[in-house]
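Structural overview for review
Here are the chains, one letter per residue:
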Amino acid sequence: MNTLITILFLVFAVFILVAAIMTVTVKNIVHAALWLISSFFGVGALYLLMEAEFLGVAQVLIYVGAVSILILFAIMLTRDLEGSQNRQLTPRWWIALLVPAALFGLLIVPTVMTHAWQLPPPPAGQPPSISGAQQIGTAFMREYLLPFEVAAILLLVAMIGAIVVAFEEREQRRRVLTLAEQVRLRRQRQQQVATLPEPAVSAVQPSEATGGET
Amino acid sequence: MITETEPETTETQTTRGKVYVIDRGRPKLRAGQGLLTGLDVVFRHFRDALTRKLEKPSQQTGVFTVQYPEERLKLPEAFRNFPILLYDDETGHELCTSCFQCQRICPPQVIHMTQARDPATGKAVPAVAEFLIEYDACMSCGLCAEVCPFDAIKMDHEFEFSTDVHGGLTINKAGLNRPISYYEKIAPTFWAEVKDGAMKKLQGNMKRRPDLIGVAPQMIDTIKAKRAEVAVAQAPAPAPSAPDSAPTDKAARLAAIRAKAAAKEADAQPAPSDDSAPTDKAARLAAIRAANAARKDEAANVAQTSDTTSDDKAARLAAIRAANAAKKAAAEGAPASASAAPPAHTAPTSDTPPAASSTPDDKAARLAAIRAANAAKKAAAEGAPASASAAPAAHAAPTSDTPPAASSTPDDKAARLAAIRAANAAKKAAAQKQDGNDDQ
Amino acid sequence: MTDILRSWIGSALPDWLIVLIAYLIVTTIVLFYAVGNFILMVWAERRIVARMQDRLGPNRVGPAGLLQPIADAVKMFTKEDIVPRNADRWVHLLAPVVSLAPVAMMLAVIPWGRGWEPIDLNVALLYIVAVSAVSGVGLMMAGWGSNNKFALLGAMRAVAQLVSYEIPAVTALLTVVVLAGGMSLLNLPHLQAGVPIMGATILCNDPAGCSPLLYTTITSFPGSPNEPVQALDLGLGWWVFTPVGLLGFVVFFIAALAEGERTPFDIPEADSEIVAGYMTEYSGMKFATFYIAQYILNFALAALAATAFLGGWQGPGVAALANMGGPWVHAAAALSAFYLLAKIWILFFVMIWLRGAFPRLRVDQLMDFAWKLLLPLALVNILSASLMVSITQWTGAQWSGVVNLDGFASWQRQLIAVIVTAIINIAATYWILSINQRPAEQEWDEELVVAP
């Protein structure tokens, strides 16, 4: 069974890497977005392999179901999609390779070196530490309450920001009135006109040819 | 919570006219009541569509579909598609007289016809020889049916004419003919309105159509057979003195009765002299008929075929005409011209010279005599040699040993022509004789 | 299935192969089941909508037109597959696949009968929601890959609709999660045993035990004392008969209509408005794939609604048969499968009924409906569900001494919970409906109106 798991892990890992590389190298930006979505799927598969079902499903739900759609919307609403004339590699590409590699190495090497790879198997009968949805929920409410609340407020702020950005004052909306509304409007205007002080006599003769409709 | 208020109506006069605003006052809380009402309506339609069909529009629900071609809607009477020609069921005569009115009025000009002609005289007959309608160009306007004075062309209800035969939609008279019963079935009230006038006109037209001209092709054979039957049934009428040998024909029996009565009268009265023409028309007619029948009997062994039908009919017709003329002449007190006038007289007045030439009002009698003489001459020319007397064609029957020519198809026209010629010859002979008498 | 196969050929093959074969067989069966239902659903939709419109529907092909879907399938197969010239070929090709695959994946976790679920995930509900979100990507790909502005527009509208209605749907399902205490779909029908409204709370008073035909032993009762109890079981303790479940069912069903793009939410495929929306440039088998995806999605959503709120395979007689043991268990499973299928078809009939009756919503009406009406109702429903669970199941300690309901019998607690949640739900519904109705005074600014 272990060999099967290892083989599956390798397959998924290769798939994720290939998808990620394709994301940054294809010329067509929509294709790049689709490769990105495949890499999301790959990560979700990895989570399932680790028996973190909740996380795997949440990964698919959030990344594939929401984030990718957002990305696709953003792409499709932009103009220049013919990325063929963009050069893939800039002249100073070796700097772009060196700096992120150094940063990545700075982060990963200590982690790999100090991690205990051979975990002792858990004592028999004990449920796994945090894997099921119930445990995650309990953890959210106990140990990780603060990050939970901060994340919630962050999402709320984002939503309010979206509403503010997209909000259109109702007064600024122009629309065509129904006949009943026109009648009401006309009556109100007549009342307003009636309450105004007497206007000065107009020197210009009103022409009779033009229609008297407002 | 869910209340209905009275709808309030406000009325305003604007520059463009009055504006009415009706505020129906929607219920206070809209919780989907309208939606549920809509669902209920649709469900009722669904339920009724499973159980019944929609017959009339006032019944709102039910299956509306008519599964053509298994089910068909009943077409209204006034539905018109393409025209058809009508013919009478009993007599087989087509109502069309080829008056060309429909051809004239047809907007796309798809009607074509030719008038029937009398093959003997070449004159036009009120019947149609051939009739053609191009259905594919017909626009179903119905003007032809509207304008026909004889109600011969009517609009049919048939519309399933699809064909893959090129030219299959050009229909000739045989294809256009329908019996009147068919039209009566599809448009009863329309036919009832025009039936009397149409049949009356048909009767008039039938009289002017010789022989079988104007009979629908569908009915020609049956009509011919019927006429043969009629003739055969009428031929064996009994002799006036001989007892009736079971005559089946009503006319023959009637003739027999009349002959008996005439014979009785003849016996009672002295034998009429040459100038005392019997005033009893009926008796004369009966006598004529009886004589004919007797002669027919004698010639039965000679001529038994029905070929003599037409000749006989012609002769009878001539005899009737002569008798009529004689009656007219007798009514005016004409002298022995009467004897010459009706050449069908069997009374021994045949050898008296016709003095028709002296009386001017004997023109009709003369004409009849001429006709009869011609007929006799014709018959004599075709058959055996005719006698010197102004024997009519009917007389020629017994004197001729040979049966009338096989060309008995000569219709009454030929017979009349022969009778006319014979009368001419007789007149000439009579005139010569009179001259001779005068001379002497 | 794995066990069956193990018993037959367990000796010949390694275990993982048996498992693989077993799952393949189950997959085939489930897919055939879904596609068979799809064919019947296409036929039923056309005939039933026709009857609602006073006409007959297709009745020429086969008896009563039953072979019409076959004729449609032949037509789809033999139509030319047209790809627009400037369209993105791969995206155009993969979009139907990405639309259909998630729908098929959804079918794997639904219990189709008693003991007949293909896979038992303990996050099944979340899995279904996640997978249905993926089909939105398929829509976008279809709209983009057609090289057609209107297809793109239609795709964007479709995705907006899908995403908007996911939220009330998920929130309504959250109600079920609260009531069930977990996200597994397997347990849901088991929990909906009992009698209407009162659920499985009418216990057996006879110490000697009651007839197993009427009473079921309930052990997995979340929060319940661990000893098994026997409760009156008519198979009708569906959550739809409780106020919480009723509101949740209504919200979820409407949201499922919108997810499945059924009228009155069929803007993405409004034939009279935007041709076929994102499916405009698709012909032949690709269009058929979209069509199948839509119908099977509706089938799966109806199954989900039936399982979550209408008791799934639970029905009168299933528990009785199962309690008899032996070969009767299989009869119980068959009966339960029939019950679920009947519920799905009733829900589908309601979908057709709504299609025959209602006109289409405008896009802005659609959005208003989701965000202003369904979402608040769903949130209130979660509150009610929490109250219901806490009243019926919490011990005094869990209540932290606020109120002690330990003394009451379980049916009394259920009754109290029903009444409390009914009051809350009705009041909230009334309030939300009334604030949603626009007041009658004017809301437009005079200077900016278009001159008549």
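Quick caveat: nothing in here was measured; it's all calculated off a predicted structure.

1. A closer look at the overall build of chain B
Counting its secondary structure elements, chain B contains 14 helices and eight strands. Here chain B holds 440 residues, and the buried ones make up 38% of them. Across chain B, the fraction of contacts at a sequence separation of at least 24, relative to all contacts at a separation of at least 6, is 67%. Just so you have it, chain B exposes about 25100 Å², and 56% of that area is on carbon and sulfur atoms.

2. Let's talk about the overall build of chain C
Secondary structure assignment for chain C yields 14 helices and two strands. When contacts within chain C are restricted to residue pairs at least 6 apart in sequence, those whose partners lie at least 24 apart make up 75%. Surface summary for chain C: the accessible area is close to 19900 Å², and the carbon and sulfur share equals 68%.

3. Examining the sheet that holds strand β6 (residues 153-155) of chain B
Residues and elements named next belong to chain B. Strand order in the open sheet formed by three strands is β6-β3-β8, and the pairing between neighbours is mixed. The two strands at the open ends of the sheet, each matched to only one other strand, are β6 and β8 (177-179). Ignoring which end each strand starts from, the neighbouring axes of this sheet average 50° apart. Summarising the sheet, strand β3 (residues 83-87) and β8 pair through three bridges and their orientation is parallel. Considered in β8, the bridge of leucine 85 is made with asparagine 177.

4. Considerations on the interface of chain B and chain A
Facing the six residues of chain B at the interface are seven residues of chain A. Regarding the contact of chain B and chain A, the summed buried area is about 550 Å², with carbon and sulfur atoms giving 62% of it. Where chain B touches chain A, the interface holds zero salt bridges. Summed over the shared surface of chain B and chain A, the number is zero residue pairs in polar contact (both at pLDDT 80 or more). For the side of chain B that touches chain A, the secondary-structure elements that each account for two or more residues are β1 (8-14) and β2 (17-23) of chain B. Among the residues making up the side of chain B that touches chain A, the classes are represented as two nonpolar, three polar and one charged.

5. Details of the packing of aromatic side chains
Residues and elements named next belong to chain C. In this structure the tally under the stated criterion is 30 aromatic pairs over all chains. Ring geometry for tyrosine 33 and tryptophan 112: centres 5.3 Å apart, planes at 70°, overall edge-to-face. Placement of tyrosine 33 in helix α2 (residues 15-52) and of tryptophan 112 in the loop between α4 (89-106) and α5 (124-144) is noted, with a sequence separation of 79 residues between them. The exposure class assigned to tyrosine 33 is partly exposed, which follows from its relative accessible area of 27%.

6. Focus on the domain arrangement of chain C
Buried accessible area, meaning the area lost when the parts come together, often serves as the stated size of an interface. Residues and elements named next belong to chain C. Partitioning chain C into structural domains gives domain 1 (1-78) and domain 2 (82-186 + 236-384). Put simply, the middle of domain 1 and the middle of domain 2, counted by C-alpha atoms, are 18 Å apart. Taken together, the 19 residues of domain 1 in the interface contact 23 residues of domain 2. Interface area for domain 1 against domain 2, summed over the two sides, is near 2000 Å², with a carbon-plus-sulfur share of 83%. Counting across the interface, domain 1 meets domain 2 through two salt bridges. Across the pair arginine 355 and glutamate 45 runs a salt bridge whose closest N-O atoms are separated by 2.4 Å. At the junction of domain 1 with domain 2, the criterion picks out five residue pairs in polar contact (both at pLDDT 80 or more). Elements that contribute at least two residues to the side of domain 1 that touches domain 2 include exactly α2 and α3 (68-78). Among the elements that take part in the side of domain 1 that touches domain 2, α2 stands out by supplying 17 residues, more than any other. Taken together, the residues of the side of domain 1 that touches domain 2 sort by class into 17 nonpolar, one polar and one charged.

7. Here's the deal with helix α6 (residues 149-180) of chain C
Residues and elements named next belong to chain C. In this model α6 runs 46 Å from its N-terminal to its C-terminal C-alpha over 32 residues, within 8% of the 46 Å that 1.5 Å per residue would give. Maximum bend of α6: about 25°, positioned at glutamate 166, with proline proline 168 one to four residues after it. Its side-chain oxygen placed 3.0 Å from the backbone nitrogen of phenylalanine 150, asparagine 148 serves as the N-cap of α6. Two residues or fewer past α6, glycine 181 is found with a positive phi of approximately 75°.

8. Focus on the confidence of the model for chain C
Any residue range with low pLDDT should be treated as having predicted coordinates unsuitable for detailed reading. All names here are of chain C. Here chain C averages 85 in pLDDT, and 89% of its residues register 70 or above. Of all helices and strands in chain C, the one with the weakest mean pLDDT is helix α9 (residues 271-274) (60), whereas helix α8 (residues 243-259) scores best (94). Both scores are given for the predicted complex: the pTM is 0.72, the ipTM 0.85.

9. A closer look at the packing of helix α1 (residues 33-51) of chain B against helix α12 (residues 328-357) of chain C
At a closest axis distance of 9 Å, the pairing of α1(B) and α12(C) adopts a crossing angle of 105°. As the angle between them shows, α1(B) and α12(C) are arranged roughly perpendicular. In this structure, α1(B) contributes Gly38(B), Leu39(B), Val42(B), Phe43(B) and Phe46(B) to the contact, and α12(C) contributes Phe349(C), Trp353(C), Leu354(C), Gly356(C) and Ala357(C). Here the contact of α1(B) with α12(C) is built from residues that sort into eight nonpolar, two polar and no charged.

10. Focus on the sheet that holds strand β7 (residues 170-172) of chain B
Residue and element names in this part refer to chain B. Read across the open sheet, the three strands follow the order β4-β5-β7; overall the sheet is antiparallel. Two strands in the sheet have a free side with no partner beyond their single neighbour: β4 (111-117) and β7. Averaged over neighbouring strand pairs, the angle between their axes works out to 25° when direction is ignored. Where β4 and strand β5 (residues 124-134) come together, six bridges link them in antiparallel fashion. When the sheet's bridge partners are listed, arginine 117 is paired in β5 with alanine 124.

11. Brief notes about the environment of Ala231(C)
Summarising the element assignment, Ala231(C) is placed in strand β2 (residues 229-232). Classification of Ala231(C) by relative accessible area gives buried; the value is 1%.

12. Quick word on the environment of Gln67(B)
Locating Gln67(B) in the fold gives a position in the loop between α1 and β3. Setting aside residues no more than four positions away along its own chain, Gln67(B) makes contact with Leu56(C), Asn59(C) and Arg60(C). A polar side-chain atom of Gln67(B) sits 2.8 Å from a polar atom in the side chain of Asn59(C).

13. A short note on a nonpolar patch on the surface
Residues and elements named next belong to chain A. Together, Leu89, Trp93, Trp94, Ile95, Leu97, Leu98, Val99, Leu103 and Leu106 give the surface a local cluster of nonpolar side chains, amounting to about 980 Å² of exposed area. Tracing the backbone shows valine 99 in helix α4 (residues 93-114). Residue valine 99 is classed as partly exposed on the basis of its relative accessible area, which comes to 45%.

14. A look at the nonpolar core
Nonpolar side chains tend to gather and get buried jointly when the protein is soluble and globular. All names here are of chain C. Counting 138 residues, the largest nonpolar core has Trp112, Leu185 and Phe252 as its most contacted members. In terms of residue count, α5 provides more of this core than any other element does, 16 residues in total. With near-sequence residues (within four places) excluded, leucine 185 lies in contact with Val109, Ile110, Pro111, Ala124, Leu125, Ile128, Leu304 and Thr307.

15. What about the pattern of salt bridges?
For the coordinates displayed, the defined rule picks out 17 salt bridges over all chains. Its salt-bridge partner being Asp72(C), residue Arg46(C) comes within 2.9 Å of it at the nearest N-O pair. Of this pair, Arg46(C) sits in helix α2 while Asp72(C) sits in helix α3, placing them 26 residues apart in sequence. Owing to a relative accessible area of 33%, Arg46(C) belongs among the partly exposed residues under this scheme. With a relative accessible area of 18%, Asp72(C) lands in the buried category. Several salt bridges share partner residues, and in doing so they unite Arg47(B), Asp48(B) and Arg52(B) into one network.

So, how was this worked out
- For every chain, the first residue of the written sequence is number 1, and numbering continues from 1 along that sequence.
- Chains and ligands are labelled sequentially in the order written, the chains with letters from A and the ligands with numbers from 1.
- Where local features are concerned, this predicted model is filtered to residues with pLDDT of at least 70; where side-chain atom pairs are given and counted, the filter is 80 or more; whole-chain, interface and lining totals use all residues.
- Values reported for side chains reflect all heavy atoms of the structure, with hydrogen atoms and water molecules removed beforehand.
- A run of H or I in DSSP becomes a helix once it reaches four residues, and a run of E becomes a strand once it reaches two; helices and strands are each numbered from the N terminus.
- Accessibility here uses a 1.4 Å probe with only protein chains present; expressed as a share of the type maximum, an area under 20% marks a residue as buried, one over 50% as exposed, and anything in between as partly exposed.
- Should any heavy atoms of two residues lie within 4.5 Å, those residues are considered in contact.
- Only the protein chains shown count as cover for residues, and all accessible areas are computed by the Shrake-Rupley method using a 1.4 Å probe.
- Here, strands pair whenever DSSP counts at least two bridges between them.
- Convention adopted: a line fitted to C-alpha atoms gives each axis, helices being fitted over their contacting stretch, and angles between N-to-C directions are expressed from 0 to 180 degrees.
- Throughout, buried area stands for the accessible area (probe radius 1.4 Å) lost by two parts on being put together, summed over both.
- Salt bridge, as used here: a side-chain nitrogen of Lys or Arg that lies within 4 Å of a carboxyl oxygen of Asp or Glu.
- Pairs of N or O atoms are called polar contacts if they sit within 3.5 Å, as long as, within protein, a hydrogen donor faces a hydrogen acceptor (for residues adjacent in sequence, only side-chain-to-side-chain pairs).
- Three classes are used, and their members are as follows: Ala, Val, Leu, Ile, Met, Phe, Trp, Tyr, Cys and Pro are nonpolar, Asp, Glu, Lys and Arg are charged, and the others, Gly among them, are polar.
- Think of it this way: a Phe, Tyr or Trp ring, Trp meaning its six-membered ring, pairs with another when their centres are within 6.5 Å, and the plane angle makes it stacked under 30 degrees, edge-to-face over 60, tilted otherwise.
- Domain ranges listed in this record stem from an automatic or a database domain assignment.
- The span you would expect from a helix comes to 1.5 Å times its residue count less one.
- We define the bend at any residue as the angle between the axes fitted to the seven residues before and including it, ending there, and the seven starting there.
- Known as pLDDT, the predictor's confidence for each residue is given on a scale from 0 to 100.
- Oblique is the label for any angle not under 35 degrees, not over 145, and not in the 65 to 115 range, which are roughly parallel, roughly antiparallel and roughly perpendicular in turn.
- Exposure above 30% relative accessible area and the lack of any salt bridge qualify a residue for a patch; like charges then connect within 9 Å, and the nonpolar side chains Val, Leu, Ile, Met, Phe, Trp and Tyr within 5 Å.
- What makes a nonpolar core is a set of buried Ala, Val, Leu, Ile, Met, Phe, Trp, Tyr and Cys residues whose side-chain atoms join them at distances within 4.5 Å.

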